[in-house]
Amino acid sequence: MELKIYWTNFAKNELRKIYKYFKENASLKIAKNEIQKIRIATHRLKKHPEIGQLEKLLADRKQKFRYLIHQRYKIIYWINLDQNQIEIFDVFDTKQNPKEIKRS
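Described in the following lines is the structure provided in the data block. Owing to the predicted nature of the structure, the values given are computational and were not obtained by experimental measurement.

### Let's talk about the pattern of salt bridges
Link 1 in the chain: Counting across every chain of the model gives four salt bridges.
Link 2 in the chain: Among the ionic pairs, Glu14 bridges to Lys17, the shortest N-O distance being 3.1 Å. On the criterion of helical spacing, the pair formed by Glu14 and Lys17 is a turn pair, its members being three residues apart in helix H1 (residues 9-25).
Link 3 in the chain: Residue classification places Glu14 among the buried residues on the basis of a relative accessible area of 7%.
Link 4 in the chain: Residue Arg72 is joined to Asp93 by a salt bridge in which the shortest nitrogen-to-oxygen separation is 2.8 Å.

Pasting the structure below:
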């Protein structure tokens with residue numbers, strides 16, 4: 001059975017920040033394309049939810065967080081089988097200090 005993709009408010013907010021950055025520093029077209037590419041990258045999780053590696057920096061959390069890499073971003077998610085969905089928890093810019101991943 002194919003799982004649904006659910007974006008948390010925190011993850012949506014991170015996407016907005018990425019969009020704003022590219023819009024201000026590149027162009028509207030690039031901003032839209034980057035966001036679309038990030039969203040498309042998550043689609044493969046519907047059928048293959050465990051393709052992402054476990055996120056060691058979030059191992060202390062209740063959920064087992066995994067991540068996909070898309071360009072310079074870690075798309076952090078967990079598999080919520082009770083709700084039959086993949087929950088996108090964060091889109092983390094890997095140019096940041098890795099310890100910042102615990103900010104959410």
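### Details of the sheet that holds strand E3 (residues 66-70)
Link 1 in the chain: Taking strand neighbours across the sheet as the criterion, the five strands line up as E1-E5-E4-E3-E2 in an open arrangement whose pairing is mixed. With one partner strand each, in any of the chains shown, strand E1 (4-7) and strand E2 (53-54) form the two edges of the open sheet.
Link 2 in the chain: Bridge count between E1 and strand E5 (residues 85-93): four bridges; the pairing is parallel. Note on E5: the bridge partner recorded for Tyr6 is Glu87.
Link 3 in the chain: Packing against the sheet, H1 makes contact with E1, strand E4 (73-80) and E5, and its axis sits at approximately 40 degrees to E5.

### Some remarks on the pairing of E5
Where a strand is regular, its side chains alternate between the two sheet faces.
Link 1 in the chain: The element E5 is largely enclosed, with a buried count of nine among its nine residues.
Link 2 in the chain: For E4 and E5, the ladder comprises eight bridges, and the chain directions are antiparallel. By the bridge assignment for E5, Lys74 is matched with Phe92.
Link 3 in the chain: Where E4 folds back onto E5 in an antiparallel hairpin, the turn is made up of four residues, including Asn84, whose phi is positive at roughly 60 degrees.

Conventions adopted
- Residues numbered from 1 in each chain as written.
- Predicted model: local features only at pLDDT ≥ 70, side-chain atom pairs only at ≥ 80, totals over all residues.
- Heavy atoms only, no water.
- Salt bridge = Lys/Arg side-chain N within 4 Å of Asp/Glu carboxyl O.
- Helix = DSSP H or I, 4+ residues; strand = E, 2+ residues; numbered from the N terminus.
- Buried < 20%, exposed > 50% of the residue type's maximum accessible area, 1.4 Å probe, protein only.
- Pairing = 2+ DSSP bridges.
- Contact = heavy atoms within 4.5 Å.
- Axes fitted to C-alpha atoms, helices over the stretch in contact; angles between N-to-C directions.

All quantities given are derived from atomic positions and should not be read as evidence of function.
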